[in-house]
Amino acid sequence: MDAQGRGRADDIDPADQWVLNPNTGEYELRLTPSAPQSSVPGPRRSASRAGAAARAAGASAAAGAGGSGSAAGADGAARSRTATPGRETRPVSPGREVPPQRRRRGTPEEPPTGRRGRRAPVKKKSKAKKAVLWTGGIMAFVVVAAATGAYLYIEHLNDNIQSVSDDGASTGGFSKDKAINILLIGTDKRTGAGNGSYGDAGSAGHADTTILLHVSKDRSNATALSIPRDLIVDIPDCQTTQEDGTQKVIPGETGVRFNTSLGQEGRTPSCTMRTVTELTGIKPDNFMVADFNAVKTLTTAVGGVEVCLAKDIDDPDSHLKLSKGEHVIEGEQALAFVRTRHSVGFGGDLSRIGLQQQFLSALMRKLKSNDTLTSPTKMIKLAEAGTKALTVDSNLDSIDKLKDLGLELGKLNTKNLTFTTIPVIDNPAEKVKATVVLNETTAPQVFQAIQNDVSFTAVKQQKKKEAAAVAARLKGTKADPSEVRVQVYNGGAAAGSAQETLTWLQTEEGVEKSENAGNASTTLAKTTLEYAPDQADQARRLAAIMGLSGSAMKPGKSVTNSQGLPTMTLTLGKDFKGAGVSLTAPTAAPDVEKSTADKVECAK
């Protein structure tokens, strides 16, 4: 506002108060010294008086200009850019916008003036606007507090997580673009409130309930493979990290129960992981260990899970007492349910495995239900219970990593999550049947199906276009064996496999232009054949001879052999069983006893 508008310098033209500062190049307001002014604005003039003052100021300026044309032009231009008294506009230089006048401290800011010399009345800030400003401030505080609280809560959850080293027994952790294999280990450790009365109170915690969870690469299906605790296996030597950080190699054993792969002789979960790899040929990405408390706290966190019994059960050993029919169980009752074995099936561990699979199916359904996912209270309880109840490997030791794994598992449809058990038979070496051994006919088929990412449910493994492209690699003309040039590498097969295959190809199959290239730089799970586009006919011939599937054929580039000629690369993987043994992977899973997680089945 100008000085006149404040009741000051009554005879000063407002335009004359704005001067150009040569040092800054900016227009500044020049005020003559005056006595301190009241913080209350002075009386306003009427519109007629304001207009008269404006006209008087204009006439005086014109008269003062006299007959000097150049001066008049300059002053006229200046006044043409000058605010009419009562209006808050100021002279500006070309291309420059003059900033609004600053008010002095202690002087309240005045509202902008109205048009035609009339000032708009001073408006009080409305209650609504104050409310908006107040609410906005509160919301800003809440957002900041929530962000801080979320960070602190995540740190709290991270502190809950217990982890132990995988001792190099895993793949190094799951990947989002590959199939996932998680080893779930339920121990019989009796630590925790109310658990001392269950069985052996001094147990170090053996691998009592073990499941290898395989999730397909495309996340369309998964297989949960139970491993009987009384299965006779060979436990390999196991390097472990002790509590004090030192390394110790625990000697392996042959012909012992699987559950002794953990706890016995100081073995850690990494030893169980190595035993599973030795048994199935599948190397887990991560492991999770849960004790009795996990069953109790997780079921309580989600508000219980629904199970079904085909008969009344009153088991004094597990303390389970339930009538026939459907029940919602949690806490101690849920633990009793998964521990029951004498009252179901044949009363042994295999019967209990079926009960546990039913329980895990129910838990999975509850975890994926809207009742759980839309309840902040349940989700928080679940986060607390999960991070406190589980011990994970060192590659899965943060809430972010667990979240990423959870997102991958969350893509599954429960109807395509299959529960099955490693096919076994009673141990023929025992008169009193207490242990089991692998069914050598069907067990290898189950392992191979999982290795090759084959679903145990009727779902599409790949898009039709991708499947057709793979199948097309085997279709077309085939070169004569004598025209096939190939280098053979050993990429994970038994020692001597490359030379064995070379001899067989040259003497039995007429592939004389082949040579042994030694060991590959990397280890492969599956045998591959890489070839250039102009070698497709040779590749099809060698695939037919070797029994390779379309997925084993890798269009790429050729290499140069010892004669300087382009040649294909055959790398024998861990799946190689010997020269002349077909490597065609199964396209369907074997017919074994199984159940899916989407169905409620009553325990018998």
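Per chain, residue numbering runs from 1 following the sequence as it is written. pLDDT decides what is reported in this predicted model: residues at 70 or higher carry local features, side-chain atom pairs at 80 or more are listed and counted, and totals for whole chains, interfaces and linings draw on all residues regardless. Calculation of side-chain values draws on the structure's entire complement of heavy atoms; hydrogens and water are dropped beforehand.

Moving on: the pairing of strand S22 (residues 528-531). When S22 meets strand S25 (residues 566-572), the two strands line up antiparallel, connected through three bridges. Across the sheet, the residue bridging to Glu530 is Thr569, located in S25. For two strands to pair, DSSP has to find at least two bridges joining them. Working definition: helices are DSSP H or I runs of at least four residues, strands are E runs of at least two. Numbering for both runs from the N terminus. As paired strands, S22 and strand S23 (residues 553-555) are joined by three bridges and run parallel to one another. Counted as the bridge partner of Glu530 is Lys554 from S23. A clockwise course of the path from the first strand over the helix to the second, judged with the strands pointing away from the viewer, identifies a crossover as right-handed. Regarding the hand of the β-α-β motif, the stretch spanning S22, helix H14 (residues 536-546) and S23 is right-handed.

This part is about the pattern of salt bridges. Opposite charge on two side chains permits them to pair, given that their charged atoms come into close proximity. Salt bridge, as used here: a side-chain nitrogen of Lys or Arg that lies within 4 Å of a carboxyl oxygen of Asp or Glu. Per the stated rule, a full pass over the model turns up 13 salt bridges. Of the charged contacts, one joins Lys403 and Asp404 as a salt bridge, the two residues approaching to 3.7 Å between their closest N and O atoms. Residues participating in the shared-partner salt-bridge network are Asp208, Arg229, Asp230, Arg257, Asp349 and Arg352.

A separate point is the packing of helix H6 (residues 332-339) against helix H7 (residues 349-367). Packed helices, taken two at a time, are described by their axes: the angle between them and the distance between them. Contact geometry of H6 with H7 gives a least axis separation of 8 Å together with a crossing angle of 140 degrees. Here H6 is positioned oblique relative to H7, judged by the angle of their axes. Counted together, Ala334, Phe337, Val338 and Arg339 of H6 and Arg352, Leu355, Gln356, Gln358 and Phe359 of H7 form the full contact between these two elements. Charged residues are taken to be Asp, Glu, Lys and Arg, nonpolar residues to be Ala, Val, Leu, Ile, Met, Phe, Trp, Tyr, Cys and Pro, and polar residues to be all remaining types, Gly included. Here the contact of H6 with H7 is composed, by residue class, of five nonpolar, two polar and two charged. In this description, a line fitted to the C-alpha atoms serves as the axis of each element, helices being fitted only across the stretch in contact, and the angle between N-to-C directions of two axes falls anywhere from 0 to 180 degrees. Roughly parallel means an angle under 35 degrees; roughly antiparallel, over 145; roughly perpendicular, 65 to 115; everything else is oblique. We call two residues in contact when some of their heavy atoms are within 4.5 Å.

So, about the sheet that holds strand S11 (residues 286-290). Strand order in this open sheet of eight strands is S3-S16-S11-S4-S5-S6-S17-S26, and the pairing throughout is mixed. Every other strand in the sheet has two partners, leaving strand S3 (162-164) and strand S26 (594-596) as the edge strands with one partner each. Sheet twist, expressed as the mean angle between neighbouring strand axes with direction ignored, is 25 degrees. The pairing of S3 with strand S16 (residues 390-393) spans three bridges and is parallel. If you follow Gln162 over to S16, its bridge partner there is Thr391.

Moving on to the confidence of the model for the protein chain. Per-residue confidence from the predictor is reported as pLDDT, which spans 0 to 100. Looking at the protein chain, the pLDDT average stands at 77 and 68% of residues meet or exceed 70. Low pLDDT, under 50, characterises residues 32-99; the stretch is placed with 59 contacts to residues that sit more than four places away or in other chains. Low pLDDT, under 50, characterises residues 195-203; the predicted model gives this stretch 20 contacts beyond four residues in sequence or across chains.

Below, the discussion takes up unusual backbone geometry. Leaving glycine aside, a negative phi is the common case for residues, and trans is the common case for peptide bonds. With phi around 60 degrees, Arg219 is a residue other than glycine that occupies positive phi space. By the element assignment, Arg219 lies in the loop between strand S5 (207-215) and strand S6 (222-227). When a residue's accessible area, from a 1.4 Å probe over protein chains only, is under 20% of the maximum for its type it is buried; when over 50% it is exposed; and in between it is partly exposed. Overall, the relative accessible area of 4% leaves Arg219 in the buried class. Despite not being glycine, Asp453 shows a phi value in the positive range, around 60 degrees. Here Asp453 lies in the loop between helix H11 (443-451) and helix H12 (464-472). Exposure remark for Asp453: the relative accessible area of 19% places this residue in the buried category.

Another aspect to go through is the state of the cysteines. Cysteine sulfur atoms that pair up within 2.5 Å are treated as a disulfide. Evaluated as defined, the whole model comprises one disulfide. Here Cys238 pairs with Cys271 through a disulfide, and the sulfurs are 2.1 Å apart. Every disulfide takes its handedness from the sign of the S-S torsion; for Cys238 and Cys271 that torsion is -95 degrees, giving left-handed. Of this pair, Cys238 sits in strand S8 (residues 238-241) while Cys271 sits in helix H4 (residues 269-280), and the two are 33 residues apart along the sequence. Residue classification places Cys238 among the buried positions, given a relative accessible area of 0%. A relative accessible area of 1% places Cys271 in the buried class.

We now examine helix H9 (residues 376-389). For H9, which comprises 14 residues, the first-to-last C-alpha distance of 20 Å matches the rise-based estimate of 20 Å (1.5 Å per residue) to within 8%. Of all the positions in H9, only Lys378, Leu382, Glu384, Ala385, Gly386, Thr387 and Ala389 are classed as buried. Expected span of a helix, by definition, is 1.5 Å for each gap between consecutive residues, and there is one gap fewer than residues.

Formed by 46 residues in total, the largest nonpolar core has its most connected members in Phe337 and Phe359. For Phe337, the residues in contact, after removing those within four places along its chain, are Val307, Leu309, Leu320, Ile329, Leu355, Gln358 and Phe359. Only buried residues count toward a nonpolar core, which is a set of Ala, Val, Leu, Ile, Met, Phe, Trp, Tyr and Cys residues joined through side-chain atoms within 4.5 Å. Residues Ala169, Leu212, Val233 and Ile235 belong to the second largest nonpolar core, which totals 30 residues.

So, about the packing of helix H5 (residues 292-301) against H6. Close contact between H5 and H6 brings their axes to 8 Å; oriented N to C, the two are set at 130 degrees. Here H6 runs oblique to H5, going by the angle between their axes. Regarding H5 and H6, the two cross each other, and that crossing is right-handed. Contacts between H5 and H6 involve Phe292, Val295, Lys296 and Thr299 from the first element and Glu332, Ala334, Leu335, Val338 and Arg339 from the second. Class assignment for the residues of the contact of H5 with H6 results in five nonpolar, one polar and three charged. Crossing handedness is read from the near helix: turned anticlockwise from the far helix by less than a right angle, it gives a left-handed crossing, and turned clockwise, a right-handed one.

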